[in-house]
Amino acid sequence: MNTTVEFAKMNGLGNKILVVDMRGRTDRVTPQAAIALNAHPETRFDQIMAIHDPKAQGTDAWIDILNSDGSKAQACGNGTRCVVQALASETGRRAFILQTVAGVLNAEEHADGTISVDMGTPVFEWSRIPLSEEFYDTSRIELQIGPIDDPILHSPSVMSMGNPHAIFWVDRDVMSFDLERFGPLLENHPMFPERANITLAQVTSPSSLTTRTWERSAGLTLACGSAACSAAVSAARTGRTGRTVAITVASATPPGILSIEWRERDDHVIMTGPAEWEWSGTVDPTTGLWSRDQTEVTGSRVL
């Protein structure tokens, strides 16, 4: 078995993604390799999306997801779009069925280059999110940060979109909050036994939101697809918007837009947005030692 595999540096609205081709192998990208890759400025990432041979009949691939600290992630919407672009470029196909620990995802690349991912159904039960305390209504729970009589953030909507999310509603620019300070405290709050993704969301119209996210195990991130889905669902669930919204991801450079539909007929969440290829190379999935291709192609050819 070769010691190196092909990988691509990509992004989804700035969400830094490494797509690693582990097909035909029995090993996995190790936590040590992930930590080593994240330590280098050229390969720094939010998530690794490792493509493995399918485990279930009728699926195209098993996707193993790692955070930048080497821990496992259950879901990554922006990373899934990157995987779809890579596979579409390789195969010429448009539609794929991908399996992760969070479940089976259907995804499709459109003629305009945007990619839709069926992120599945949201989870609202407190024990399945999970929370450490029972709440009958998770659309608004008792949690705040700051002075008790004038909290900075309070009363988030919580849910799971394959991973735990807390959405804090704010009435001013999401970039004006010191999320780098509050994010770690909230991510690791005792309310969240598996930690949580922390999102600030501002409603800008009945069909639009602006968001910014502190991502579990990754920190401040330029974009987080599952957080955008969670914000859209929570906004509709609390009557702030309808079930289809345009989300401006404020921290993306430049700010980008994701279209999120919480489909009424089956409660599935459909996320549509771009993916971008940057460059490709080879990497040792055990050590994280890597090299960049000397001759690179333009466009979206990845693996």
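Residues numbered from 1 in each chain as written. Predicted model: local features only at pLDDT ≥ 70, side-chain atom pairs only at ≥ 80, totals over all residues. Heavy atoms only, no water.

Details of the pattern of salt bridges
Think of it this way: side chains of opposite charge can pair up when their charged atoms draw near. According to the stated counting rule, one finds 16 salt bridges in the structure shown. The residue Arg265 makes a salt bridge to Asp266 at a minimum N-O spacing of 3.7 Å. We classify Arg265 as exposed; its relative accessible area is 69%. Classification of Asp266 by relative accessible area gives partly exposed; the value is 26%. Shared partners join several salt bridges into a network, and the residues in it are Asp118, Arg263, Arg265 and Asp266. (Salt bridge = Lys/Arg side-chain N within 4 Å of Asp/Glu carboxyl O. Buried < 20%, exposed > 50% of the residue type's maximum accessible area, 1.4 Å probe, protein only.)

Points about helix H4 (residues 225–237)
With 13 residues, H4 ought to run about 18 Å at 1.5 Å a step, and its terminal C-alpha atoms sit 18 Å apart, in line with that. Where burial is concerned, most of H4 is hidden: 12 out of the 13 residues are buried. Every buried residue belonging to H4 is among Gly225, Ser226, Ala227, Ala228, Cys229, Ser230, Ala231, Ala232, Val233, Ser234, Ala235 and Ala236, and all of these are buried. Positive backbone phi, approximately 80°, marks Gly239, located one or two places after H4. (Helix = DSSP H or I, 4+ residues; strand = E, 2+ residues; numbered from the N terminus. Expected span 1.5 Å × (residues − 1).)

Side note on the state of the cysteines
If you walk through the whole model with that rule in mind, you get 0 disulfides. Unpaired in this structure, Cys224 has its nearest cysteine sulfur neighbour in Cys76, at a distance of 6.7 Å. Judged by relative accessible area, which is 6%, Cys224 ranks as buried. Between Cys229, a free cysteine, and Cys224, which holds the nearest cysteine sulfur, the sulfur-to-sulfur gap is 8.8 Å. By relative accessible area, which is 0% here, Cys229 ends up buried. (Disulfide = S-S within 2.5 Å.)

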